[in-house]
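Next come the chains, spelled out residue by residue.
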Amino acid sequence: MREENLSLRAKYNITALFYDILDYPWERVYRKWRPEILGNLRGKVLEAGVGTGRNFQHYHESVELTGLDLSHVMLRKAGKKVKNAKCKIELLHDDASIMHLVDSNQYDWVISTFLCCVMPDEVQPHALEQFSRVLKPGGKFKLLEMIYSRDKKIRQRQDLFTGFVEKVYGARFDRHTLDFINASPDLEVTSTRFLKDDVYLLIEGQKN
Ligand SMILES: C[S@@+](CC[C@H](N)C(=O)[O-])C[C@H]1O[C@@H](n2cnc3c(N)ncnc32)[C@H](O)[C@@H]1O
């Protein structure tokens, strides 16, 4: 476990207890996107930061999923959602920026939804290095993140929630995920698109 992640893990071990209730208003929007993002994946998939396992039910039955999370309490919640899934799932208690339990060059896909926006900027290059290490050559990734809007009104709304999302989720709108991917020697961004406003950004790419 990286020292920078200790406080995040402690936060999620508490937030886990009420995460699904607290996040429900946002999840009503996110749950429309999850099948579209995940439904067409095949092969071996690594999902980093699985949280309470909200993505599980959307994977195709042929997928072999490895899900990991920093927080053992979030993982315990995720474990209860395994029964909703059509695919085979293995859960690991591991730090996405270290992945000491995961072998190299074995995944067709690396997925994360709302992971990098909670991951401190100084940790992100290490996590991207791990994404690259565990992907097969030509393997692909999809990351869904939230960022600051350039629209003044939306930005004002985001500012209202900034303190809350950082305190409860460790999330920030000003992470530099796209810049870090672009600086990664082995990862290439193939497309970016917003799922809502200019806030919810889906980043897709591959390992060269
Ligand atoms: C905002 S939640 C998102 C959960 C889930 N992906 C979703 O879409 O609902 C972020 C999750 O990432 C996990 N996390 C944060 N940093 C991590 C790291 N370095 N390694 C693994 N998991 C991490 C947290 O414990 C938490 O469960």
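Residues numbered from 1 in each chain as written. Predicted model: local features only at pLDDT ≥ 70, side-chain atom pairs only at ≥ 80, totals over all residues. Heavy atoms only, no water.

## Points about the side chain of aspartate 23
Position of aspartate 23 relative to the elements: it lies in the loop between α2 (19–22) and α3 (24–38). Looking at aspartate 23, the relative accessible area reads 6%, which means it is buried. Of note is the side chain of aspartate 23, whose polar atom sits 3.1 Å from the side chain of tyrosine 169. Residues within four places of aspartate 23 in sequence aside, it is in contact with Tyr30, Arg54 and Tyr169. (Helix = DSSP H or I, 4+ residues; strand = E, 2+ residues; numbered from the N terminus. Buried < 20%, exposed > 50% of the residue type's maximum accessible area, 1.4 Å probe, protein only. Polar contact = N/O pair within 3.5 Å; in protein donor to acceptor, adjacent residues only side chain to side chain. Contact = heavy atoms within 4.5 Å.)

## Examining the site of the ligand
With respect to spatial proximity, 22 residues lie near the ligand, and among them Arg34, Gly49, Asp69, Ala96 and Thr113 are the closest. Taking arginine 34, its side chain carries an N or O atom lying 2.9 Å from an oxygen atom of the ligand. At a separation of 2.8 Å, a nitrogen atom of the ligand approaches a polar backbone atom of alanine 96. Here the ligand, which alone exposes 590 Å², has 98% of that area covered by the protein. Going through the elements one at a time, α1 (6–15) and β2 (64–69) are the ones with two or more residues in the shell around the ligand. The class makeup of the residues in the shell around the ligand is 12 nonpolar, 5 polar and 5 charged. (Near = heavy atom within 4 Å. Areas by Shrake-Rupley, 256 points an atom, 1.4 Å probe, with all protein chains shown as cover. Nonpolar A, V, L, I, M, F, W, Y, C, P; charged D, E, K, R; others polar.)

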